[in-house]
4 protein chains.
Amino acid sequence: MKRIGVLTSGGDSPGMNAAVRAVVRKGIFEGIEVFGVYSGYQGLIDGKISKLEAGDVGDIIQRGGTALYSARCPEFITDAGQEKAIAHMKEHGLEGLVVIGGDGSYRGAMALTKKGIPAVGVPGTIDNDIPGTDYTIGFDTALNTVIEAIDKIRDTATSHERTFIIEVMGRDAGDLALWAGLAGGAETILIPEQAFDLDDMIDRLEKGKKRGKKHSIIIVAEGVMSAQELANLLSEKSDTETRISVLGHIQRGGSPTARDRVLGSLFGARAVEALLKGEGGQAIGMVNNKVVDYDMEEAFKLKRKVDMSLYNLSKELSI
Amino acid sequence: MKRIGVLTSGGDSPGMNAAVRAVVRKGIFEGIEVFGVYSGYQGLIDGKISKLEAGDVGDIIQRGGTALYSARCPEFITDAGQEKAIAHMKEHGLEGLVVIGGDGSYRGAMALTKKGIPAVGVPGTIDNDIPGTDYTIGFDTALNTVIEAIDKIRDTATSHERTFIIEVMGRDAGDLALWAGLAGGAETILIPEQAFDLDDMIDRLEKGKKRGKKHSIIIVAEGVMSAQELANLLSEKSDTETRISVLGHIQRGGSPTARDRVLGSLFGARAVEALLKGEGGQAIGMVNNKVVDYDMEEAFKLKRKVDMSLYNLSKELSI
Amino acid sequence: MKRIGVLTSGGDSPGMNAAVRAVVRKGIFEGIEVFGVYSGYQGLIDGKISKLEAGDVGDIIQRGGTALYSARCPEFITDAGQEKAIAHMKEHGLEGLVVIGGDGSYRGAMALTKKGIPAVGVPGTIDNDIPGTDYTIGFDTALNTVIEAIDKIRDTATSHERTFIIEVMGRDAGDLALWAGLAGGAETILIPEQAFDLDDMIDRLEKGKKRGKKHSIIIVAEGVMSAQELANLLSEKSDTETRISVLGHIQRGGSPTARDRVLGSLFGARAVEALLKGEGGQAIGMVNNKVVDYDMEEAFKLKRKVDMSLYNLSKELSI
Amino acid sequence: MKRIGVLTSGGDSPGMNAAVRAVVRKGIFEGIEVFGVYSGYQGLIDGKISKLEAGDVGDIIQRGGTALYSARCPEFITDAGQEKAIAHMKEHGLEGLVVIGGDGSYRGAMALTKKGIPAVGVPGTIDNDIPGTDYTIGFDTALNTVIEAIDKIRDTATSHERTFIIEVMGRDAGDLALWAGLAGGAETILIPEQAFDLDDMIDRLEKGKKRGKKHSIIIVAEGVMSAQELANLLSEKSDTETRISVLGHIQRGGSPTARDRVLGSLFGARAVEALLKGEGGQAIGMVNNKVVDYDMEEAFKLKRKVDMSLYNLSKELSI
């Protein structure tokens, strides 16, 4: 393999730039040429492809978002879209591709691999929901953004002795809510992986009040219900008046944390190594504190599980 | 005057603790005793009052919220509520009161002053909407919280080439939206003080697209309309698809900026000086970069104006 | 005037990019062309000059440093250097120049103006030491960087009940030390404008210990002496053991605060207006909360004074 | 075991408070009483011990430093000191102790265990240098503090096209320098575990210049040499002029990151479980992404190694 491409796809996440930088520089270090594809798979279809030198990825490691831009691309799901992309890749002599993104992005990489273009997946998403890896790039930054928000809201909650409901991202995965709730000292954490128990929740709030708690913070992953719905439920079924905060898109941005930069660097470099093996189809991940590559398709047959020991600990510590 | 009280009231704002610290220590420096009243006017009614020493306000200057707690207090609007408060003040020998808060808090201070208890107002609110002062304590911190959020959202907006609507606090005052929009490089800023012109807004968005803008950021003060309403309007009347973000309560919290700590310190100290003059009824403020005290009642007859030169400049610079 | 240049010179300061953006966009708004000069006066001498469009200054308002680069340039002090610069300006048709920087930069602007090329100065320096303006661009950001450092060191100082000496920038001007000391709750602040009194300082430290202070923070401007020298003095003349921290270059960097971005925007736009008057020789500033332009040469005959009321207040509040 | 103590010892590190909170609340959850010991082993010797309820550790998870204070305590190395401590523990009925700190603190825990008082160690140090655990509490926060500093200095380095040497903590362990260098995009990283090669370093700097690098950042762990010594070497042996920055004590403070709060919570809770087994002598750690306890004495016979794959990667990526 003498020439490869790299793209970012799906929702952007902080640390993607570290991964792009690592792919480019590790590629150059290995003696191959690396081309950037702009705006995800759409750029592959449109031929928005250009060569990247070491200097082109200088001064991006500290920036949020992705310097290669990203986009959703429904056209790439179609056979016709994939053929256009492959034509452009051949035109530029690209023999392999590193795809940085979430599970939708991985599906594209699998499709390309099956059509004979080796592609490798790097997990870039704040949701931490890619099967086969303990952590994804962007999770740590999003987590710290959430706890900074919790800390700010706690100032107000404490000053006014109020109960706050904070809605965080996570349609199917509760990792962000769970870690943020534990790190933020939340009284209650609602995650999609755990059945919602309103009575237990009201019970805990009452106990907290009796113990003299000045304020209470509830974290809810958007996949469970919206903060507003929860507030309505609480005001109907108990006398708990709450304020709500929906953190929204700030969770995707910001300068990446050290860990996400290191993770992005490790994963990007490993992706180049995996690609150079020639077959494609691997996903890069961190398992038990070690960087690994593994079969993407096999991993997607398994379901990722949230760490319930964190959930249980958060209950024990928020007494 | 030998003994005074200090309370924080209404919505909390970062820097209130610097003001409390300054009232206590300036009081002690002037040879008087200072008592903290907890949970605003409610604490005055309930007699939650205790003496503060210099050490009691150590290590609070850097904290958000208010160490004296705050609360809304409808009872204090009534004559009976005020009499209860005055009785508690007399009981503790308090001859004057420093009130840190927004315009509702000022009304309480005026009521007390009229009943013979000299009270002085210190402007503590993130809205920057107190007549007679150029700046209020908490505005600068809230402003920086907002631009950090804008910076994060810009990462995502740029990566996806999207238009974002960001809703910030400000029911009647557009200062926060205006300053944040100018500092955040927003394309459009909607404030309550300026008539909303949908056609002009759409026109600007179109021009930006033609010029090749990768993304667009619209700041809307909550007093104009909600981000969701604006998004609906834009999708109805143009082909602009937007994402929204409602910043909400994070705007009230956080460690105060240097400026808010200095402002709080200056205002708290000046409040003690004003109170020692004996009459009460003054508000403390910053006018033309100088700390002043002025007649609270007179000032409230005037309407505070937003600085339209900032508004015009933001339009010129967001071409 | 149809075509002007803009450069940044001397030590960089956060907010310079906001000023550059404002010069470019205000210029375009006024119907003139704006050229960027790279690496300060050196770029003028070397002819590193190129046209800037509105889009070229997009997405820089939030970045620290200067997108136009900066450099010291001894050659520009010479007549020969200035003639080379003027030749390059004429070659590119530049009829005026906006210079963003500190006092050395202003001297260059005055020299050019005297030679018939109108130049205007915009105060960009973290030291807040330009005569004729209350604030310079970058001061507020540096100040907040310093208080974040103080807050971190206070964590350690409190945990270990130690006395810390923190050295901040400021050879001749104590503004940064003074504001940071007041905002950071420092016990003692040493500034170049105030005679150093070791006995008084030791006396205050002793009193604090007696009152039960858990820790003590001393801020010293580098122009008074180094933190190490002060630590040596204290260990010789008293039994106070101290730890030192020299903040150094982190004080120059970082994403600018809201205030520095607004100041940069206001100053940059006003500089274009001043330049269009045709004569040059003005400095832009903020006086009593209003943007002004004033005669640069006259102002430099006066000496800037630090606000001693802040100094006195900090003493009263750190009892 | 019905009653245990908890103390923090040695240099403070962010996240210690999360560990203290977890020890207290997990203890209460398990039905035992937990007592706080103030100022480390010194407090044990002096009998500064008092009971902690769940509410006493509320609102500390987000704070830097340690709410239990810390101190060095040479007296505890002596047999007499240890006996005093044990006497105070017996007086308060403490049957076990959780010690949060670095390797010095662990030695104390081993001594107590040998004298029949079960003690368990929790790794709290920014240096990440405790044998037997992949991560220590405080390392992640310190790391992020360092990269924020690097990001700020990079602004200035880029603007002026300069080479900077940044000295970070780490007498014997290079983890902080290594991770920060990789995350900060440093060109060169000097760690105690790797022999210093001046020629190689100068060679890399020269290559970077030739490739057109606008700036260069060198990270040096204090255990290798001081930034000043390195600057002197570089100016003697090459024509590289450098600026230096010594980050110092800011590296110990600051609100802990999410990861350090989670780590502190996990470790604190596990320490209680380990102590309840009755023997003492265990250290708590994270190995391969799992919380473990292990024999403290055995682990200290081994030498902790830095991850050289990170070192090699940083070299490959900083071409």
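The structure displayed is predicted, hence computed values, not measured ones.

Let us now look at the overall build of chain A. Scanning chain A from terminus to terminus reveals 11 helices and 11 strands. What you see for chain A is a C-alpha radius of gyration of 22 Å, in line with the 20 Å of a compact globule of 319 residues. Over its C-alpha atoms, taken along the principal directions, chain A stretches across nearly 70 × 35 × 35 Å. For chain A, buried positions account for 65% of its 319 residues. Long-range contacts, defined as pairs at least 24 residues apart, comprise 75% of the intrachain contacts of chain A with a sequence gap of at least 6. As presented, chain A carries roughly 10,800 Å² of accessible surface, and 48% of it is formed by carbon and sulfur atoms.

This paragraph deals with the UniProt feature "binding site: ATP" (unreviewed entry) in chain A. Using the residue numbers shown here, the UniProt feature "binding site: ATP" (unreviewed entry) corresponds to A:Gly11, A:Arg72, A:Cys73, A:Gly102, A:Asp103, A:Gly104 and A:Ser105. The named residues occupy 95 residues along the chain; their greatest pairwise C-alpha distance, 13.2 Å, places them in one compact cluster. Its relative accessible area of 55% is what places A:Arg72 among the exposed residues. Beyond its immediate stretch of four places on either side in the chain, A:Arg72 contacts A:Gly10, A:Gly11 and B:Arg162.

This part is about the environment of A:Leu198. Residues and elements named next belong to chain A. Here Leu198 is to be found in helix α7 (residues 198–211). Residue classification places Leu198 among the buried residues on the basis of a relative accessible area of 14%. Between the alpha carbons of Leu198 and Ser238 there is a distance of 9.9 Å; along the sequence they are 40 residues apart. Sequence-distant contacts of Leu198, defined by excluding residues within four places in its chain, comprise Leu233, Leu234 and Lys237.

Moving on, we come to the interface of chain D and chain A. Between chain D and chain A, the contact holds 47 residues from the first and 47 residues from the second. Where chain D abuts chain A, roughly 4,000 Å² becomes buried across the two surfaces, and 57% of that area is made up of carbon and sulfur atoms. Looking at the side of chain D facing chain A, the largest losses of area belong to D:Arg259, D:Glu316 and D:Leu317, adding up to 16% of the total buried there. Viewed at the interface, chain A and chain D are joined by eight salt bridges. Where A:Asp140 meets D:Arg259, a salt bridge forms, and the shortest distance between an N and an O atom there is 3.9 Å. The interface formed by chain D and chain A includes 18 residue pairs in polar contact (both at pLDDT 80 or more). Contributions of two or more residues to the side of chain D that touches chain A are made by α1 (16–29), α5 (139–160), α6 (175–184), α9 (258–276) and α11 (308–317) of chain D. Its residues placed into classes, the side of chain D that touches chain A shows 20 nonpolar, 13 polar and 14 charged.

Each side of the interface is counted separately: chain B has 47 residues, and chain C has 47 residues. Note on chain B versus chain C: buried area summed over both sides is about 4,000 Å², and carbon and sulfur give 57% of it. Ranking the residues of chain B by area buried against chain C places B:Arg259, B:Glu316 and B:Leu317 at the top, with a combined share of 16%. Inspection of the region where chain B meets chain C yields eight salt bridges. Of all the elements in the fold, those that place two or more residues in the side of chain B that touches chain C are α1 (16–29), α5 (139–160), α6 (175–184), α9 (258–276) and α11 (308–317) of chain B.

Moving on, we get to the relation of the copies chain B and chain C. Copy one and copy two of the chain differ by a rotation about a common axis and a shift along it. The transformation that overlays chain B on chain C combines an axial shift of 0.0 Å with a rotation of 180 degrees, and the residual RMSD is 0.0 Å. Such a combination of turn and shift is consistent with a two-fold rotation axis. Relative to the rotation axis, the C-alpha of B:Asn288 is the closest in chain B, positioned 2.1 Å from it. Most of the interface of chain B is mirrored in chain C, where 100% of its interface residues again form contacts.

Our focus in this paragraph is the relation of the copies chain D and chain A. The transformation that overlays chain D on chain A combines an axial shift of 0.0 Å with a rotation of 180 degrees, and the residual RMSD is 0.0 Å. A share of 100% of interface residues in chain D that are also interface residues in chain A marks the association as one of identical surfaces.

Another aspect to go through is the pairing of strand β2 (residues 33–37) of chain C. Residues and elements named next belong to chain C. Across the five residues that make up β2, a large majority, four, are buried. Relative to β2, strand β1 (residues 3–8) runs parallel, the two being bridged by four bridges. Counted as the bridge partner of Arg3 is Glu33 from β2. Here β2 runs beside strand β3 (residues 49–52); their pairing, made up of four bridges, is antiparallel. When the bridges of β3 are listed, Gly36 appears paired with Ser50.

This part is about the packing of aromatic side chains. Scanning the model with the defined rule gives 16 aromatic pairs over all chains in all. When the centroid spacing of 5.7 Å and the interplanar angle of 40 degrees are considered together, the rings of D:Tyr106 and D:Phe300 count as tilted. Here D:Phe300 lies in helix α10 (residues 296–301) and D:Tyr106 lies in helix α4 (residues 103–114), a separation of 194 residues in the sequence. In this structure D:Tyr106 comes out as buried when scored by relative accessible area, which is 0%. Among the aromatic residues, ring-to-ring pairing joins A:Tyr135, A:Phe139 and A:Trp179 into one connected group. Stacked on the ring of C:Tyr135, the Lys or Arg B:Arg259 has its end atom at 4.9 Å from the ring centre.

Quick notes on the rules
Residues numbered from 1 in each chain as written. Chains lettered and ligands numbered in written order. Predicted model: local features only at pLDDT ≥ 70, side-chain atom pairs only at ≥ 80, totals over all residues. Heavy atoms only, no water. Helix = DSSP H or I, 4+ residues; strand = E, 2+ residues; numbered from the N terminus. Rg over C-alpha atoms; globule rule 2.2 N^0.38 Å. Buried < 20%, exposed > 50% of the residue type's maximum accessible area, 1.4 Å probe, protein only. Contact = heavy atoms within 4.5 Å. Areas by Shrake-Rupley, 256 points an atom, 1.4 Å probe, with all protein chains shown as cover. UniProt positions renumbered as here; feature names shortened; annotations may be inferred. Buried area = accessible area lost by both parts, 1.4 Å probe. Salt bridge = Lys/Arg side-chain N within 4 Å of Asp/Glu carboxyl O. Polar contact = N/O pair within 3.5 Å; in protein donor to acceptor, adjacent residues only side chain to side chain. Nonpolar A, V, L, I, M, F, W, Y, C, P; charged D, E, K, R; others polar. Least-squares fit on C-alpha atoms with pLDDT ≥ 70 in both. Pairing = 2+ DSSP bridges. Phe/Tyr/Trp six-rings, centres within 6.5 Å; stacked < 30°, edge-to-face > 60°. Lys NZ or Arg CZ within 6 Å of the ring centre and 35° of its normal.

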